[in-house]
Amino acid sequence: MKERSTGTREDYIKTIYELTALYGRATTNHIAERLVIKPASVTNMIQKLASENPPLLNYRKHRGVVLTTEGEREALQITRRHRLLEMFLQQILGYSWDEVHEEAERLEHVISDKFEQCIAQVLGNPRYDPHGDPIPNNDLQLPPSSGIRLSELRPGQQATVQRVQGRDSALLRYLGDIGLKPQTQLSVLDYSPLDENLRLQIIGQDQPIVLGNRVTRHVFVDLA
Ligand SMILES: [Zn+2]
């Protein structure tokens, strides 16, 4: 029972961290939706985390929550574990990149500090996970990460894929099939404003491909 409540607490902090990174803030409803929990229970947990010493977050009714420095440290710690585990599952155990997220979600709550250090060492202290997401180092510093979406590119631009959204396994399988992964280089041939489709040439492939906004907004790139 104790493990589960710890897991839940960590899930909250991680979810708030992710929502803040994506949308600038985390509302009770949004947290509830992500965790599939009733908003009333979310409010309870939020009040608990806000009254810890030191508090992990600040809570303003109707305005959402913001992590404190302490809360952010915890979020980065869990993120480090999660992403190292994803890398471990892929590189050492042979999982595919669409399977690692779900497994890491379970394992991140139960491994020890020692286990975390060991896998970091075995993997050679990687800076990015299988989806290209940055792994906080031992001092919880994040390597640089691109904020430019592939969907923002226009004809004539060239880029290297840096990371892809790693929670959606169907999307990951599709991207894997068409050969769009971190480090893939591409150039944009055409853009059609009405349906927001991009025609792309992946460097090293024969035929161009057309991708819609539902795919391209989940892919982040570095401009060449
Ligand atoms: Zn990932």
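Residues numbered from 1 in each chain as written. Predicted model: local features only at pLDDT ≥ 70, side-chain atom pairs only at ≥ 80, totals over all residues. Heavy atoms only, no water.

Draft legend 1. View of the overall build of the chain. When helices and strands are counted, the chain shows 8 helices and 8 strands. Computed over the C-alpha atoms, the radius of gyration of the chain is 19 Å, within 12% of the 17 Å expected from 2.2 N^0.38 for a compact globule of 224 residues. Overall, the C-alpha framework of the chain stretches about 55 × 45 × 25 Å when taken along its three principal axes. Considering only contacts within the chain whose residues lie at least 6 apart along the sequence, 57% involve residues at least 24 apart. Accessible area of the chain: about 12600 Å², with a carbon and sulfur share of 48%. In the chain, the 27 positive side-chain charges and the 29 negative ones have mean positions that sit 6 Å from each other. (Helix = DSSP H or I, 4+ residues; strand = E, 2+ residues; numbered from the N terminus. Rg over C-alpha atoms; globule rule 2.2 N^0.38 Å. Contact = heavy atoms within 4.5 Å. Areas by Shrake-Rupley, 256 points an atom, 1.4 Å probe, with all protein chains shown as cover. Lys, Arg positive; Asp, Glu negative; His and termini not counted. Charge placed at Lys NZ, Arg CZ, Asp CG, Glu CD.)

Draft legend 2. Geometry of the sheet that holds strand β7 (residues 209-211). With respect to topology, 6 strands assemble into an open sheet ordered β3-β8-β4-β5-β6-β7, the strand pairing being antiparallel. Unpaired on one side and paired on the other, β3 (148-149) and β7 mark the two borders of the sheet. Of the strand pairs in this sheet, strand β6 (residues 197-202) and β7 are connected by 3 bridges, and their pairing is antiparallel. Within β7, the residue paired with Leu200 across the bridge is Ile209. (Pairing = 2+ DSSP bridges.)

Draft legend 3. Region of interest: the domain arrangement of the chain. For the chain, the assigned domains read domain 1 (2-67) and domain 2 (148-223). Computed from C-alpha coordinates alone, the two centres of domain 1 and domain 2 are separated by 33 Å. (Domains from an automatic or database assignment.)

Draft legend 4. Local environment of the coordination of the zinc ion. Surrounding the zinc ion are the protein donor atoms Glu86 (OE), Asp129 (OD) and His131 (ND1), at 2.2 Å. Judged by relative accessible area, which is 1%, Glu86 ranks as buried. According to the relative accessible area criterion, Asp129 is buried, its value standing at 5%. (Donors = N, O, S within 2.8 Å, 3.2 Å for Na, K, Ca; no water. Buried < 20%, exposed > 50% of the residue type's maximum accessible area, 1.4 Å probe, protein only.)

Draft legend 5. Main features of the environment of Ala224. Tracing the backbone shows Ala224 in the segment after β8 (219-223). Through-space distance from the C-alpha of Ala224 to that of Gln201 is 14 Å; in sequence the pair is 23 residues apart. With residues near it in sequence (within four places) discarded, Ala224 still touches Gln158 and Ala159.

Draft legend 6. Broad picture of the packing of helix α4 (residues 69-91) against helix α5 (residues 100-107). At a minimum axis distance of 9 Å, the contact between α4 and α5 shows a crossing angle of 125°. Put simply, α4 runs oblique to α5. Crossing angle aside, the handedness with which α4 passes α5 is right-handed. Contacts between α4 and α5 pair His82, Leu85, Glu86, Leu89 and Gln90 from the former with Val100, His101, Glu103, Ala104, Glu105 and Leu107 from the latter. Within the contact of α4 with α5, the residues separate by chemical class into 5 nonpolar, 3 polar and 3 charged. (Axes fitted to C-alpha atoms, helices over the stretch in contact; angles between N-to-C directions. Parallel < 35°, antiparallel > 145°, perpendicular 65-115°, else oblique. Left-handed = near helix turned anticlockwise from the far one by under 90°. Nonpolar A, V, L, I, M, F, W, Y, C, P; charged D, E, K, R; others polar.)

Draft legend 7. Spatial organisation of the pairing of strand β4 (residues 158-164). Most of β4 sits out of view: 6 of its 7 residues are buried. Bridge count between β4 and strand β5 (residues 185-192): 3 bridges; the pairing is antiparallel. For Gln158, the partnering residue across the bridge sits in β5 and is Ser187. Of the pairings in the sheet, the one linking β4 to β8 comprises 5 bridges and is antiparallel in character. Bridge pairing in β8 links Val161 to Val221.

Draft legend 8. Layout of the packing of helix α2 (residues 28-35) against helix α3 (residues 39-50). Interaxial distance between α2 and α3 falls to 9 Å at its minimum, and their mutual angle equals 110°. Here α2 lies roughly perpendicular to α3, going by the angle between them. Of α3, the residues touching α2 (which contributes Thr28, Asn29, Ile31 and Ala32) are Pro39, Val42, Thr43 and Ile46. Residues of the contact of α2 with α3, tallied by class, amount to 5 nonpolar, 3 polar and no charged.

Draft legend 9. Inspection of the packing of aromatic side chains at higher detail. Scanning the entire structure with this criterion turns up 1 aromatic pair. For the pair Phe88 and Phe115, a centre-to-centre distance of 6.2 Å together with 75° between the ring planes defines the contact as edge-to-face. Of this pair, Phe88 sits in helix α4 while Phe115 is found in helix α6 (residues 113-122), placing the two residues 27 residues apart along the sequence. Above the plane of the ring of Tyr191 lies Arg154, whose end atom (NZ or CZ) is 3.6 Å from the centre. Arg163 extends its terminal NZ or CZ atom over the ring of Phe220, reaching a point 3.9 Å from the ring centre. (Phe/Tyr/Trp six-rings, centres within 6.5 Å; stacked < 30°, edge-to-face > 60°. Lys NZ or Arg CZ within 6 Å of the ring centre and 35° of its normal.)

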